[in-house]
Amino acid sequence: MNSAVPPGFIFILGALLIPLIRPRVLKQIYLLSISVITFIDILMLKSGTSWVYKFLEYELIFVRVDRLSLCVGYVFVIIGFLAILYALHVKEDGQHVAAFLYVGSSLGVVFAGDLFTIFFFWEIMAGTSVFLIWYSRTKESLGAGYRYLLMHILGGCALLAGIIIHVTNTGSITAGPAGGGLSHWLILLGFGLNAAFIPLHTWLPDSYPRGTLTGSVFMCVYTTKTGVYVLARYFAGVEFVAYMGVIMCVYGVVFALMQNDARKLLSYHIISQVGYMVAGVGIGTELAVNGSIAHVFNHILYKGLLFMCMGSVILMTGKRKLSELGGLARYMPVTCVCCIIASLSISGAPGFNGYVSKGMVILAAGHIHNMFLEIMMLIAAVGTFLSFVKLCYYTFFAKNENITAKESPWNMQLAMILTAFSCVLIGVYPKVLYFVLPYPVDYHAYTPDHVLGVVQLFLTAGLVFMFAKSYFDPHKVLALDVDYFYRQACRGIYWICDVVFNNVRNAVQNYFIDFRISLVKAGNSPLLIPQKRPVGIGVGLALIFLSIYGLVFLGFFK
Amino acid sequence: MEKNLKIIFFIALGVSYLAGYFIHKHHAVFFYHHIPSIEFYFGIIFTVFLIFIKYTIAFFNERKEDFYE
């Protein structure tokens, strides 16, 4: 039995006290201390289940501890601390409360031991994270927030329907869905929406660039990674998941290359990098799942760092488009170095954390002799490198005489430096990471052939970039995604409701108004009945409905 | 400075290509794993492929920035 508290509860209860604490310095200490307390709490957790409560005839498990949940729990709290440090200058309590509830509910999903508890925290995640978008207080963020919420409600409905069917069929809320029935696919749809499966991914590049500068750092971490976590828990080794993963890898990269908005480019790269994790889960071997979870760990660090860097750039320049940026290396050297470290990490360059985990997943694809998976992941690796050469070049090194900026506040810089340090630490000494992975690790990241292969891949991609740079120039255009079709479909539904249904309603309403008037007139003068058409139709309708009611009552439709 | 960086880049490119003939893959599974410096060729092929795909898709889906407004 664990004596420790469910880690998510500390953040959720901690969120409620935030508005009550004064003065500001004390509040800042309080904000940081919650993650420290949670980290200590996780260290105290023992393997097994605890905090089990009866609900109807089921047992809800709030804490299930194993190596998988611990690994993801550690990194969630570490990045939680760094993101809070990054957001320490934010004065609006509401943003902190939303972020804390979001982190707490994500931890709730990670340590949940049954499907009902997962669903409960799953929905809190969606409901709280949307405020990190709305707090931008722009027209775009309002719309993006609603679209985000709609998509997550859709995913939540699919998940709940799947869970109910699964529980009805098996009677268990702890075992995962198996066998490919309807519940299997509905639950996969619910989890897959959070993991940004194609074509359910549209909420991600739509909403993340419109979140607050600090809120996006939280958002880029938790939603998609909880999706990968539950996939690893319940769908490891499912072939469809592996193929979906590599499609995500390449799709995200291609769309990222088209982007001009820096945070939108990063958002598409979340899809691509989550693709590696999903592919690893789908491959399902110990090496692949280790690689997938290692990539979750690393991606959280470098993607958080990238959003921090771009947040700093946007805060200090007021510009978010690559076509308007450039030359910031001399004004923001700390941000520039951190961004380069994050870019090398996400590209999987030797010496940085992405190299370790990406190599594990790609090697796992080779071990199961699936050439398609390996080639797709290599294409995505090249595309990632190109995207981040583009991002760094057009933000920090391209000529732009019209721009000046200062470094961001100390707390933002400190958060970036600490995150960058952890990216390099894991890259240089990967045993730190191996120690917390779900399965025993028998993998050597730094073999000469692997290092050389990655170096060759990047040098030649860099060579082509050098000679064909104009093909990567950012343009002031919008690249439509499949959300175009969703928006058209929603407009269609709106038109049907507004025009068709409203007209039918008006027609029926007018009919019955006429009928009522006719009845009143008939009451005054019964001889007028044959002259008024609506009475006849009204009586006819009444007779039809009464007949149907009679048939139902008599049991003809049983 | 820029010229020196380019010289270093091209030297690294040449050295890495030649090194591919001396360092063999530990986990050679597919036929292309046996080709020396295969990643060298992959880097070029995949970059050109991505540019092609990007421009093909952009032909259909690129609109003005205020398209949704």
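Residues numbered from 1 in each chain as written. Chains lettered and ligands numbered in written order. Predicted model: local features only at pLDDT ≥ 70, side-chain atom pairs only at ≥ 80, totals over all residues.

Further remarks concern the overall build of chain B. Helix and strand counts for chain B come out as two helices and one strand. Against the 2.2 N^0.38 benchmark of 11 Å for 69 residues, chain B shows a C-alpha radius of gyration of 19 Å, more extended than a compact globule. Overall, chain B is about 55 × 40 × 15 Å in size when its C-alpha atoms are taken along their principal axes. Here chain B holds 69 residues, and the buried ones make up 16% of them. (Helix = DSSP H or I, 4+ residues; strand = E, 2+ residues; numbered from the N terminus. Rg over C-alpha atoms; globule rule 2.2 N^0.38 Å. Buried ≥ 20, exposed ≤ 12 C-beta atoms within 10 Å, placed from the backbone.)

Take the overall build of chain A next. Within chain A one finds 20 helices and three strands. Going through the 558 residues of chain A one by one, you find that 52% of them count as buried. Put simply, of all contacts in chain A between residues at least 6 apart along the chain, 80% involve residues at least 24 apart. (Contact = placed C-beta atoms within 7 Å.)

Residue and element names in this part refer to chain A. Considering the arrangement of structural elements, one finds Ser-312 in helix α12 (residues 286–317). Judged by C-beta crowding, with 26 C-beta atoms within 10 Å, Ser-312 ranks as buried. Separated by 97 residues in the primary sequence, Ser-312 and Pro-409 place their C-alpha atoms 8.6 Å from one another. Ignoring anything within four residues of it in the chain, the contact list for Ser-312 reads Met-332, Thr-335, Ser-408 and Met-412.

Before going further, it helps to examine the pairing of strand β1 (residues 48–55) of chain A. Regular strands place their side chains on alternate faces of the sheet. Residues and elements named next belong to chain A. For β1, the buried fraction is low: zero of the eight residues fall into the buried class. As judged from the seven bridges shared by β1 and strand β2 (residues 58–65), these two strands associate in the antiparallel manner. Across the sheet, Phe-55 pairs through a bridge with Tyr-58, a residue of β2. Between the antiparallel neighbours β1 and β2 lie two residues, among them Leu-56 with a positive phi of about 55°. (Pairing = 2+ DSSP bridges.)

All right, on to the domain arrangement of chain A then. All names here are of chain A. Here the domain parsing of chain A yields domain 1 (1–171 + 194–222), domain 2 (236–471) and domain 3 (485–554). One C-alpha centre belongs to domain 1, the other to domain 2; they are set 24 Å apart. Contact residues are listed per partner, giving 29 residues for domain 1 and 35 residues for domain 2. Elements with a minimum of two residues in the side of domain 1 that touches domain 2: α3 (67–86), α8 (203–207) and α9 (215–234). By residue number, the principal contributor to the side of domain 1 that touches domain 2 is α3, which donates twelve residues. (Domains from an automatic or database assignment.)

Moving on, we come to the confidence of the model for chain A. Per-residue pLDDT for chain A averages 91, and the proportion of residues at 70 or more is 96%. Mean pLDDT across the secondary structure elements of chain A bottoms out at helix α20 (residues 533–554) of chain A, with 77, and peaks at helix α13 (residues 333–347) of chain A, with 96. (pLDDT = per-residue confidence, 0-100.)

Once that is clear, we can look at the environment of Val-289 of chain A. Residue and element names in this part refer to chain A. In this structure, Val-289 sits in helix α12. What makes Val-289 buried here is the crowd of 25 C-beta atoms within 10 Å. When the C-alpha atoms of Val-289 and Ala-232 are compared, they prove to be 7.1 Å apart, with 57 residues separating the residues in sequence. Non-local contacts of Val-289, meaning those with residues more than four positions away in its chain, are made with Ala-232, Ala-236, Gly-280, Val-281, Gly-284, Pro-438 and Tyr-439.

So, about the nonpolar core. Counting residues in hydrophobic clusters, the biggest one holds 187 residues, and the most contacted among them are Val-278, Leu-305, Ala-342 and Met-377 of chain A. Counting the residues that make up this core, at least three belong to each of domain 1 (1–171 + 194–222) and domain 2 (236–471) of chain A. (Core = buried A, V, L, I, M, F, W, Y, C linked by C-beta atoms within 7 Å.)

With 33 residues of chain A at the contact, the number on the chain B side is 34 residues. Counting only elements with at least two residues in the side of chain A that touches chain B, the list comes to α10 (239–257), α14 (353–367), α15 (371–397), α18 (448–467) and β3 (477–479) of chain A. Sort the elements by how many residues they give to the side of chain A that touches chain B and α18 of chain A lands first, with 13 residues. Classifying every residue of the side of chain A that touches chain B by side-chain character gives 24 nonpolar, seven polar and two charged. As paired strands, β3 of chain A and strand β1 (residues 62–64) of chain B are joined by three bridges and run antiparallel to one another. Along β1 of chain B, the bridge assignment pairs Val-477 of chain A with Lys-64 of chain B. (Nonpolar A, V, L, I, M, F, W, Y, C, P; charged D, E, K, R; others polar.)

All names here are of chain B. Summing up the model confidence of chain B, the mean pLDDT is 91 and the portion of residues at 70 or higher is 100%. Confidence, expressed as mean pLDDT per element, reaches its minimum in chain B at β1 with 88 and its maximum at helix α2 (residues 38–61) with 94. Across the assembled chains, the prediction reports ipTM 0.95 with pTM 0.90.

Locating Ser-37 of chain B in the fold gives a position in the loop between α1 (2–19) and α2. Spatially, the C-alpha atom of Ser-37 of chain B lies 46 Å from that of Asp-66 of chain B, the residues being 29 residues apart in sequence. Ignoring anything within four residues of it in the chain, the contact list for Ser-37 of chain B reads Gln-456 of chain A together with Tyr-17, Gly-20 and Tyr-21 of chain B.

One can expect most non-glycine residues to show negative phi and most peptide bonds to be in trans. Residues and elements named next belong to chain A. With an omega dihedral of -10°, the bond running from Arg-22 to Pro-23 counts as a cis peptide bond. Checked against the element boundaries, Pro-23 lands in the loop between α1 (7–17) and α2 (24–44). Looking along the chain, the bond that leaves Ile-198 and enters Pro-199 is cis, with omega of 5°. Unusually for a residue other than glycine, Trp-51 sits at a positive phi of about 55°. By the element assignment, Trp-51 lies in strand β1. The exposure class assigned to Trp-51 is partly exposed, which follows from the 18 C-beta atoms found within 10 Å.

Before going further, it helps to examine helix α11 (residues 262–283) of chain A. Residue and element names in this part refer to chain A. Compared with the 32 Å implied by 1.5 Å per residue over 22 residues, the 32 Å span of α11 between its first and last C-alpha is a close match. Summarising burial for α11: 22 of the 22 residues are buried, a large majority. Count one or two residues on from α11 and you reach Gly-284, which has phi positive near 85°. (Expected span 1.5 Å × (residues − 1).)

Right, let's get into the packing of α15 of chain A against α2 of chain B. Two packed helices can be described by the angle between their axes and the distance between those axes. Closest axis-to-axis distance for the α15 of chain A/α2 of chain B pair is 9 Å, and the angle between their directions is 75°. Taken together, the axes of α15 of chain A and α2 of chain B lie roughly perpendicular to each other. Taken together, the residues of α2 of chain B that come into contact with α15 of chain A (itself represented by Leu-378, Ile-379, Val-382, Gly-383 and Leu-386 of chain A) are Phe-42, Gly-43, Phe-46, Thr-47, Phe-49 and Leu-50 of chain B. Each residue belonging to the contact of α15 of chain A with α2 of chain B can be placed in one class, and the counts come to eight nonpolar, three polar and no charged. (Axes fitted to C-alpha atoms, helices over the stretch in contact; angles between N-to-C directions. Parallel < 35°, antiparallel > 145°, perpendicular 65-115°, else oblique.)

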